[in-house]
Every structure is written in C-alpha cells, then in structure tokens.
Amino acid sequence: MAKAFSVASWNVEHFGARDGRSRQPVRPVQPIVDFLAQQQADIVAVYEVRSPEVFWPLAKAMPGYQFHMTEGPQMQEILVGIKKNLSAFVTQKLNFKSGQSTLRPGLLVTVQISGEFYPLLFLHLKSLTDPKGFGLRDDMMRRALKFRTTLDRASDNGQSN
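Just so you know, these numbers come straight off a predicted model, no measurement behind them.

### Details of the confidence of the model for the chain
- For the chain, per-residue confidence averages 83 on the pLDDT scale, and residues scoring 70 or more make up 88% of the total.
- Highest mean pLDDT in the chain belongs to helix α1 (residues 30–39) (94); lowest belongs to helix α3 (residues 131–154) (75).

Now the structure itself:
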C-alpha cells in the first residue's frame, strides 16, 4: 500500500518560553525549527508552544506550509503546519478540556487525499502525577475515544481512516 501522507509530531517542552528575569529564550528555537524542516513531513505538529514567536522562524524555514495554532487561556498551545499542496480542514476542539478552562483544546486536522478523508486529532493530555492529573488524563482519553466513535459513525463505511 502506498503512503498517503507523513506526519511528524513532537512535544517540545515549553517551546518558545522565555526566562522570567532575562527574557532570553529558555532553549534556542532555531535548532528545533531546522530539525522539523529537515523531516519534510506533510503535516508537522508541535506541542507545548509557549509563544507565537516560534511562528516566524517556522514560516521562514518551511515556506511551503500553512500554520495553525490553538488559542485560549492556557499557557501552552498546539501548533500544526500543513504542506500547502494538501487539502485540509482545521478545527479547534474544546470538548477535550474536561471542564477545565486552562487545559489545551485539541486540534482536528482533516486531510483529503485521493478522495479519502483522514481525520487527525492532535491532543496534548494532562501529565500531572497526582490523582487530579490522572483523573484529567483519563477523562481526556475517554473523550478522545468517544470522538473516534463519532468519526466512525460519520464515515461512509462505519470506520474512519
């Protein structure tokens, strides 16, 4: 079976964050951007984006992509880049926030390749190691599995790609 498309997904801890006192980046942005560009994936997702300042280096290093980013009161966002030659629909999904306004929403990217639709849910689960964190993570996973059932029902053959 031929490859339909490729995806690179990377959790870069506090990507774009700056030190509170010096206002210097916590980690250099450019090496991460260069590595992502070298992958040449059709879709690139980066989790824990802390600043819109990472957009310009990405846009410069990856001119053949369109970028989308979640938005809300949370401190960390999900950023997705999609090659411009792909037909895609991007939607921010709030139903994975488990009733917590500061949790990250999901980002649903539906790509159309050769008449087939491929929904991809980019979701960054809560990672606290206390009971509240475990409960939130469990709830977010249950919501994601329920969403998969919704996608299956919406597909032509009862099973989404």
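That covers the picture; the talk isn't over yet.
### Some details on the sheet that holds strand β1 (residues 7–15)
- Strand order across the open sheet formed by four strands is β1-β2-β4-β3, with mixed pairing between neighbours. In this open sheet, the two edge strands, each paired with only one partner strand, are β1 and β3 (65–69). Averaged over all neighbouring strand pairs, the angle between strand axes comes to 15°, with direction disregarded.
- Judged from the five bridges that link them, β3 and strand β4 (residues 77–83) form a sheet pairing that is antiparallel. Bridge pairing in β4 links Tyr65 to Lys83.
- Of the strands in this sheet, β1 and β2 (43–49) touch α1, which is tilted by about 175° from β1.

### Quick notes on the nonpolar core
- Among the nonpolar cores identified, the biggest contains 17 residues, and Phe15, Leu36, Val44, Val46, Val54, Leu58 and Met62 are the most heavily contacted of them.
- Counting residues per element, the ones that place at least two in this core are β1, α1, β2 and β3.
- With sequence-adjacent residues up to four places away left out, Leu58 is seen in contact with Val33, Leu36, Phe67 and Leu79.
- With 14 residues, the next largest nonpolar core counts Ala45, Ile78, Leu86 and Leu107 among its residues.

The rules behind each value
- Residues numbered from 1 in each chain as written.
- Predicted model: local features only at pLDDT ≥ 70, side-chain atom pairs only at ≥ 80, totals over all residues.
- Heavy atoms only, no water.
- pLDDT = per-residue confidence, 0-100.
- Helix = DSSP H or I, 4+ residues; strand = E, 2+ residues; numbered from the N terminus.
- Pairing = 2+ DSSP bridges.
- Axes fitted to C-alpha atoms, helices over the stretch in contact; angles between N-to-C directions.
- Contact = heavy atoms within 4.5 Å.
- Core = buried A, V, L, I, M, F, W, Y, C linked by side-chain atoms within 4.5 Å.
- Buried < 20%, exposed > 50% of the residue type's maximum accessible area, 1.4 Å probe, protein only.

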